[in-house]
Amino acid sequence: MGIKVLQPGMLATIQDLGRYGLQKFGVIVGGAMDSISLRIANLLVGNSEGEGVLEVTLYGTTLLFETDELIAITGGNLQPTIDGIEAPMWRPLFIQKGSVLKFNTAISGCRAYVSFSGGIQVPKVMSSKSTYIRAGIGGFQGRKLLKNDVFELDRRSDLGEDLFKQLKKEPTYLSWSADYTPFVTFKKTQTIRFIRGSEYQHFDEGSLKKFLSTPYTITTQSDRMGYRLEGEAIQLKEPFELLSEGVTFGTIQVPSNGQPIILMADRQTTGGYPKIAQVISADLPSLAQMQANGRVYFKEVTLEEAQLALIQQERKRNELAFGLRLKGYRSDRGYSIVQNSII
């Protein structure tokens, strides 16, 4: 007995933080599109931050709980309901046996993350539970979840078990929620920061001005591998030969049609298109939550500014982890509440 998939929705896969150290062998990193929402979801139920969770895209995924469980839902607001009643997000939830969790239509963001206390019981492939559909590895049998799939959960940690027992009584969820605002935004139009790519200087001045001043629209041909953008075409000063080089999450390539492509979680390991920019790590979660037809403005920052943004984000995450793991979940243990949010 475990979690049964009644409806898979548009796309539901098991993801963790990905497979690192294997790109030299042609194995992609993969993992969650919005890694910070995944990490917070795990913290909320007493898991290690990199534990495998369910990544739900846009709408429709419906799950039946065959046992009592402790979960958390983070990421985009896909209007989750439990037995038809709105499910609170960004906090631990006790789910009774026989309950149905359903994700409706996304009203902000496009990816929700469901953590299960103890983690999802699937084999690790190359040290990761992440699903890479194109290669058929990881996750649940190397594929997206399908109707009538059933996955089991592992044993809860001591912290998870303590919270499970607490919430099994009344109420079934806590009054506070984790504050996600320092980590990820859910806007249809966003300014995404970047540092210069290795071929930035090869683009003509007019193209660079367009790249920095005009919006680009995320097209419907976008997926976990990359976001294809549409806007003012970007041109090189003159054609030149470029050997394939390593790429990473957030690398912005420009193919011959002049329309940028942002490489995302399931990107390839190398690329041969000129690289105009690299999205900074701190902005990747917000970018990953943008839907098709969302508009992106690009803003250049220095490497030092990019590093500072990530340090600040990680400091806030550390504060959240400290509040949850060391001070506990109950108000009598002294965690800090700001506007009903734990920080």
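Since the structure is predicted, the reported quantities are computational estimates derived from the model, not experimental observations.

## With respect to the sheet that holds strand E12 (residues 150-153)
Strand order in this open sheet of 7 strands is E7-E6-E9-E4-E1-E12-E11, and the pairing throughout is antiparallel. Two strands lie at the open edges of the sheet, namely strand E7 (85-86) and strand E11 (120-121), each paired on one side alone. Taken together, the 2 bridges between strand E1 (residues 3-7) and E12 define a ladder with antiparallel strand orientation. Within the sheet, the bridge partner assigned to Lys 4 lies in E12 and is Val 150.

## What about the pattern of salt bridges?
Taken as a whole, this structure holds 20 salt bridges when the rule is applied. Ionic pairing is found between Asp 68 and Lys 168, a salt bridge with its closest N-O pair at 3.8 Å. Residue Asp 68 is found in the loop between strand E4 (62-65) and strand E5 (69-77), and its partner Lys 168 is found in helix H2 (residues 158-168); the two are separated by 100 residues along the sequence. Looking at Lys 168, the relative accessible area reads 48%, which means it is partly exposed. Between Asp 266 and Arg 224 there is a salt bridge, with the nearest N and O atoms lying 3.0 Å from each other. Placement of the pair is Asp 266 in the loop between strand E19 (261-263) and strand E20 (270-271) and Arg 224 in the loop between strand E15 (216-218) and strand E16 (226-230), with a sequence separation of 42 residues.

## Let's talk about the nonpolar core
With 51 residues, the main nonpolar core has Leu 54, Ile 71, Leu 101, Phe 116 and Phe 151 as its most contacted residues. If near-sequence neighbours (up to four positions away) are discounted, Phe 116 is found in contact with Ile 3, Val 45, Asn 47, Leu 54, Leu 63, Phe 65, Leu 70, Ile 71, Phe 151 and Leu 153. Ranked by size, the runner-up nonpolar core spans 31 residues in total, among them Phe 203, Tyr 216, Val 296 and Phe 298.

## Observations regarding helix H1 (residues 35-44)
An α-helical turn contains 3.6 residues, so a residue and the one three or four places further along point in the same direction. Burial analysis of H1 places 9 of its 10 residues in the buried class, the great majority of the element. What H1 keeps buried is the set Ile 36, Ser 37, Leu 38, Arg 39, Ile 40, Ala 41, Asn 42, Leu 43 and Leu 44. Once H1 finishes, Gly 46 follows within two positions and takes phi at roughly 80°, a positive value.

## So, the side chain of Glu 199
Structurally, the position occupied by Glu 199 is in the loop between strand E14 (189-196) and helix H3 (205-213). Exposure remark for Glu 199: the relative accessible area of 5% places this residue in the buried category.

Procedures and definitions
- Residues numbered from 1 in each chain as written.
- Predicted model: local features only at pLDDT ≥ 70, side-chain atom pairs only at ≥ 80, totals over all residues.
- Heavy atoms only, no water.
- Pairing = 2+ DSSP bridges.
- Helix = DSSP H or I, 4+ residues; strand = E, 2+ residues; numbered from the N terminus.
- Salt bridge = Lys/Arg side-chain N within 4 Å of Asp/Glu carboxyl O.
- Buried < 20%, exposed > 50% of the residue type's maximum accessible area, 1.4 Å probe, protein only.
- Core = buried A, V, L, I, M, F, W, Y, C linked by side-chain atoms within 4.5 Å.
- Contact = heavy atoms within 4.5 Å.

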